[in-house]
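# Chains, contacts and geometry: an overview
In case you want the letters, here they are:
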Amino acid sequence: MSKSKVLTGKLRLQGGASLIAIALAFASATGAAYADGAANAPAKDGKAKADTQVAQNTPTPPPAPTPPPATESKVEKVTVTGFRSSLRNALNQKKKSNEQIDSIKAEDIGKFPDLNLSEAIQRVPGVSITRDAGEGRQISVRGLGPQFTRIRINGMEALSTAGGTDAAGGTNRSRSFDFNVFAADLFDTITVRKTPSAETEEGSLGATVDLSSPHPLDFDGFKLVAQGQYGWNDLSDTYDPRGSALVSWSDGEFGALFSVAYARRNLMEAGASTVRWQNDGSNPPGSGSASTGAANSRFGSETTIYTLTQLNQAFHPRIPRYDIYEHEQERLGMTGSLQWRPSDSTLFSVDLLYSKLDAKRNEIFLEAPVFSTTGTAGIQGVAVTDAVIQGNNLVYGVFNGVDIRSEFRHDDLSTEFKQGTLEGEHWFSEAFKIHGIAGYAESDHQNPVQTTLLFDANNINGYSYDYRQNSRLPVITYGTTDVTSPATWQLTQIRLRPQTALNTYTTYQGDAQFDVLDWLILKAGADWKKYEFETTERRRATDDFTNTSNLPNCLGAPPATNRLQRNGNVEGCLPAFVVSTPLSSYSRLVTFSDDGLDVPAGNTLTWLVPDIDKAASLWDLYNESVFKLSPDPAIGNNATIKEEDTGGFFQTDFAFPNTFIRGNVGVRYVETKQTAIGQSIAAQPLVLPVLGTVHGGVLSTSVVERTYTDTLPSLNLVAEPVEGFLIRLGMSKVMTRPGLGSLIPSAVLSGSSTIKTVTVGNPNLDPFRAENFDMALEWYPGPQSLVGFALFHKNITSFSFTQRQDMVYHGNPLGLPDNLAIAACGGAAGCDENSLWTFNIPVNTNGGEVTGFEFNFQQPLSFLPSPLDNLGILANYTYVQSRIDYINTDGSVATTADLLNLSRNAYNATLYYEDDVWSARVSAAYRSKYLTTIPGRNGNISESTAGTLNVDFAGSYTVNENIKITLEGLNLTDEVNDQYLSPEDRTSFYHNFGRQYFLGARYTY
């Protein structure tokens, strides 16, 4: 194929000229030809989609000078398939769009380039992901976290939520979308829309992500694809199957498609954690002096070279421990699509999507919770016999009087997602079209079993921890105590906490398009959406029992005489038949696997744990006539948020004649009607600032209604002064509705010997609002080539966040009475109204600025000698920074820092090879550290997650035109989840997940 160079000599751009010149020179040297691909191909039915039509009507730029005559060569038609085809199609879509978008296309029908949707999206510039159980779960775009990203599936907004470990946020009660619910094989296109247009519904500050499943009329005739893989994880040493199949048929007028994907996954993760670090809570951070009269969180005595004041001013781990997490997951997904095109002017589509993620999870700990307690029954009873303080951290200590614990938590989890959409469009003439969509989506998360049993052993002498050798993996010993013996332990708590989270969407949208002129299109439309979020939680209630003779810690005399008593924490109340059961009959040994972690020698890595399955069988644990459950002890997590959104838009798409400028301009108006319903229980009538009146001794339901409106203009301009070189400008106003959990009008108290929190909702939170400014330069030197640079600035004018402050509960500024704290503690040691509690209060604040840039490069290395000419490179880099003021409860600025979940630096790089037989690619995805909580809890300045670099591999061998052999490897560098506390890099959570490999085959007909 003959090739020509792109004329670049006369291009002049201010700002970034040197960058563009370097990129142009490099690509020009490759000899890559400019090819418009499918961008200017006529639509099959003579009609063009709106965005395509405007692009096609763009006047052709002046032709380049005729090149010197060349020797005639035979031009052959080359059909590009596989991974290269997906890159080409994605770049065609990006180039044609008036908005700034990035997309990922399936490299073949039923074959997405990554195993997990979020892991595929992280290849897009500006996108970073968070992982749970070693698998991508949520995304951030351009520094804005998951709650600022809106997801549409087949054209309608949806929300999928799942349950995670406490370190991963637990049950998702937010607007953040959990991608791990879906198999990637169910979708063929992902489009990330980074600049909005008026026709795109509101709800995003970062990006709108469109997920699209395959449609039968996209293919000719009959298609059948089946693939199967077998996986192995080197940490859990388990073998897991996964497979998918797709069948499609169409005759050009009618088509039907069905796909199914199944995967089973067994995973182990192991590591150490601390549940944060703390010092004497009566000391403000950095005060350097002890406060009198509030020393209940301090060590009681010492016999070392350090004084008691020095020991208590230093930070120590709250719950030093080693952890084992065992995961079992089973995921089933299905899609169905019917399409009917009765004429070239009409198309109807019905799309159905179903996904079910079932999981079982065990969390196993050997820990010393006494370091997080208060009072004489807690840390004041601990004597320090040896210690080392480095900086302001107590990194080594030997202690007497330590209370230790063996904890086992088991969860059964299930998320069932269902969605159905009906979409239709009809051209009444060459110039007028109507389009509509109606849909329903439901995400039903169930956690019917969340059971925790605690074994405790008190007053252990000679206990030690040592972080000097390894700041993440300590050496922990237990003196002469045998932690493998049933005689050491006593059952102290039974926790039963089933919970749910249900999200539903009902959507109706309609719009019309009128092609006024060849270069001018008018669009207008309206949409209505009803959204409802409902969450529940139940816990054990005091009237479980008829006899309190063996229950010294039970609150009140069952049956409970009022709702407040039932609201109390009775998880330490053990019935007589439980107390009399030999501990050896419901316990077993576990051993920590240190593969890949290099755990220091000297650790105790085998211990006795509760066996929940045996306990459930012995005690009929899930029979509610034996162990009664009630929402009262967790009343604040039983709530409903309803929203009814009504909107409309007007937009003009244009491509000015005799110019190289196209784009769109429009405005969207939306009204949000919000109803927040929460419940509270108190001992006497209260009037709280954000909850209203809470009636004493009874259940009180608070219903808060609110309506607000937004007018959201947007402008997108695209200039193409030289063929294949685009300049983009975008300006818009955007909004995201506030977090769901923060809107609940209730007060939630959670009290135990280790954790004491008060969380209050605020239904009067304003939405997040921002003004966006975007600029991009893009050059397409070939059908698989791109050099791009983008600048973006977001001025967040409305912001809310959760204030966190540690304070003594008694006399708290919210006016909550002491008996609520007493009931929540349930008699737990070191938990009462005089203890330090963490208060969480969401508030409206001023916003801040987010600024950054992206660089994107794609280039096949076809200029190299064979066989290296089959290589190619994809690379992108994003830098983001922000300035957000986080305020104290008195309104003063506590600190100015980045947004939560914002990584300042992120890059992705892929080296690929593809010929007619072999295909392979190695991908690296990096994101730098990011904040997760600010201000930090327990006197820490902030809480963060360390940066990660994940390297993955995918390869295939083509046996013949029907069969391929595939090999994939994930997390080849065995990355860890490293969470820590600032300012002195104190470890909080450190786990690894192992490497995952898949070997399989794929059949296509």
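In this numbering scheme, every chain counts its residues from 1 along its sequence in written order. The model is predicted, so local features are restricted to residues of pLDDT at least 70 and side-chain atom pairs to those at 80 or more, both for listing and for counting; the totals for chains, interfaces and linings are taken over all residues. Excluded from the side-chain calculation are hydrogens and water; included are all heavy atoms of the structure.

The omega torsion across serine 866 and proline 867 is 0°, close enough to zero to call that bond cis. With respect to the helices and strands, the residue proline 867 is situated in the loop between strand E40 (848-860) and strand E41 (871-887). Going from serine 982 to proline 983, the amide bond is cis rather than trans, its omega being 15°. Mapping proline 983 onto the fold places it in the loop between strand E49 (976-982) and strand E50 (986-992). Its identity as a non-glycine residue notwithstanding, valine 275 has a phi of 50°, on the positive side. Secondary structure elements follow DSSP: runs of H or I of four or more residues count as helices, runs of E of two or more count as strands, with numbering from the N terminus. Its location among the elements puts valine 275 in the loop between strand E10 (254-273) and strand E11 (277-278). When a residue's accessible area, from a 1.4 Å probe over protein chains only, is under 20% of the maximum for its type it is buried; when over 50% it is exposed; and in between it is partly exposed. For valine 275, a relative accessible area of 16% puts it in the buried group. Although it is not a glycine, aspartate 985 sits at a positive phi angle of roughly 50°. What makes aspartate 985 partly exposed here is its relative accessible area of 41%.

Per-residue pLDDT for the chain has a mean of 84; in total, 84% of the residues score no lower than 70. Confidence drops under pLDDT 50 across residues 544-553; counting only partners more than four residues distant or on other chains, this segment forms 18 contacts. Confidence scores labelled pLDDT are given residue by residue by the predictor and lie between 0 and 100. Throughout, a residue-residue contact means that at least one pair of heavy atoms, one from each residue, lies within 4.5 Å. Taken together, the stretch residues 555-561 has pLDDT below 50 and engages in 15 contacts with residues farther than four places along the chain or on a different chain.

With that settled, consider the side chain of arginine 298. Within the fold, arginine 298 resides in the loop between E11 and strand E12 (301-302). Under the rule applied, a polar contact is a pair of N or O atoms within 3.5 Å (in protein, one hydrogen donor and one hydrogen acceptor; residues adjacent in sequence only if both atoms are side-chain atoms). Separated by 3.1 Å, the side chains of arginine 298 and aspartate 280 make a polar contact.

Turning to the pattern of salt bridges, a few remarks are in order. Here, a salt bridge means any Lys or Arg side-chain nitrogen found within 4 Å of an Asp or Glu carboxyl oxygen. For the structure shown, the criterion picks out 55 salt bridges. A salt bridge links arginine 137 to aspartate 178; the shortest N-O distance between them is 2.9 Å. Separated by 41 residues along the polypeptide, arginine 137 in strand E3 (residues 135-141) and aspartate 178 in the loop between strand E5 (156-157) and strand E6 (189-193) bring together distant segments of the chain. For the residue pair arginine 137 and aspartate 178, the accessibility class agrees, reading buried in each case. Ionic pairing is found between arginine 539 and glutamate 537, a salt bridge with its closest N-O pair at 2.9 Å. Glutamate 537 shares its class with arginine 539; the two are buried.

Moving on, we get to helix H3 (residues 82-96). Spacing of three or four residues puts side chains on the same side of an α-helix, whose turn is 3.6 residues. If you check H3, its first and last C-alpha atoms are 22 Å apart, about what 15 residues at 1.5 Å a residue would give, namely 21 Å. Along H3, 12 of the 15 residues are buried, which leaves the element largely enclosed by surrounding structure. Residues of H3 that are buried include every one of Gly82, Phe83, Arg84, Ser85, Ser86, Leu87, Ala90, Leu91, Asn92, Gln93, Lys94 and Lys95, and no others. Here the expected length of a helix is defined as 1.5 Å per residue gap, with one fewer gap than residues.

This paragraph deals with the sheet that holds strand E17 (residues 393-400). We call two strands paired when DSSP finds no fewer than two bridges between them. Reading across from one edge, E12-E16-E17-E20-E21 is the order of the five strands in this open sheet, with mixed pairing throughout. Every other strand in the sheet has two partners, leaving E12 and strand E21 (475-478) as the edge strands with one partner each. Where E12 lies against strand E16 (residues 383-390), two bridges are found, and the strand directions are parallel. Bridge pairing links serine 301 to alanine 383 in E16.

Ring geometry is summarised as follows: Phe, Tyr and Trp rings, the Trp one being its six-membered ring, pair when their centres sit within 6.5 Å, and such pairs are stacked at plane angles under 30 degrees, edge-to-face over 60 and tilted between the two. Enumeration over the complete set of coordinates arrives at 42 aromatic pairs. With a centroid separation of 6.3 Å and an interplanar angle of 70°, the aromatic rings of phenylalanine 299 and phenylalanine 371 are classed as edge-to-face. Note that phenylalanine 299 is positioned in the loop between E11 and E12 and phenylalanine 371 in the loop between strand E15 (346-367) and E16, a separation of 72 residues in sequence. Residue classification places phenylalanine 299 among the buried positions, given a relative accessible area of 2%. Within the aromatic cluster, the residues linked to one another by ring pairs are Trp277, Phe299, Phe371, Phe399, Tyr463, Tyr465, Tyr467 and Tyr478. Our definition puts a charge over a ring when NZ of Lys or CZ of Arg is within 6 Å of the ring centre and also within 35 degrees of the ring normal. Sitting over the ring of tyrosine 396, arginine 468 keeps its end group 4.0 Å from the ring centre.

Points on a 1 Å grid over protein atoms alone make up a cavity when a 1.4 Å probe fits among them but cannot get out, and a pocket when they form an open set with protein on both sides within 12 Å along at least five of seven lines; lining residues each have an atom within 4 Å of a point. Grid points are joined across faces, edges and corners, and a volume is the space filled by probe spheres set on the points. By the definition in use, this model includes 15 cavities of 30 Å³ or more. Here the largest cavity defines a volume of roughly 500 Å³. Take the lining of the largest cavity: its biggest share by element is six residues, from H3. Just so you know the grouping, Ala, Val, Leu, Ile, Met, Phe, Trp, Tyr, Cys and Pro go in nonpolar, Asp, Glu, Lys and Arg go in charged, and all remaining residues, Gly too, go in polar. Among the residues making up the lining of the largest cavity, the classes are represented as 17 nonpolar, nine polar and eight charged. In this structure, the second largest cavity occupies an estimated 240 Å³ of space. Elements supplying a minimum of two residues to the lining of the second largest cavity: strand E7 (207-212), strand E33 (699-722) and strand E34 (725-736).

Now for the sheet that holds E5. A sheet is described by the order of its strands in space; here five strands give the open sequence E1-E6-E7-E4-E5, paired in mixed fashion. Each edge of the sheet is formed by a strand with only one pairing partner; in this case those strands are strand E1 (101-105) and E5. Axes here refer to lines fitted to C-alpha atoms; in helices the fit is confined to the stretch in contact. Angles between the N-to-C directions go from 0 to 180 degrees. Against the sheet, H3 engages E1 and E6, with an angle of about 155° to E1.

Attention now goes to the nonpolar core. Joining through side-chain atoms within 4.5 Å is the link that ties buried Ala, Val, Leu, Ile, Met, Phe, Trp, Tyr and Cys residues into a set, and such a set is a nonpolar core. One finds Phe399, Ile404, Tyr463 and Ile494 to be the most contacted residues of the largest nonpolar core, which totals 62 residues. Those residues within four positions of isoleucine 494 in sequence are excluded, and the remaining contacts are Thr452, Leu453, Arg540, Glu571, Leu574, Val578, Trp619, Leu621 and Phe627. Leu117, Ala639, Leu740 and Ile744 belong to the second-largest nonpolar core, a separate cluster that totals 44 residues.

This part covers the environment of glutamate 201. Of note, glutamate 201 is situated in the loop between E6 and E7. The class for glutamate 201 is buried, based on a relative accessible area of 9%. As for glutamate 201 and arginine 150, which are separated by 51 residues in sequence, their C-alpha atoms are 9.4 Å apart. Contacts of glutamate 201, omitting those with residues within four sequence positions, involve Arg150, Arg152, Gly155, Gln509, Asp527 and Arg668. Reaching out from glutamate 201, the side chain makes a polar contact with the side chain of arginine 152 at a distance of 2.7 Å.

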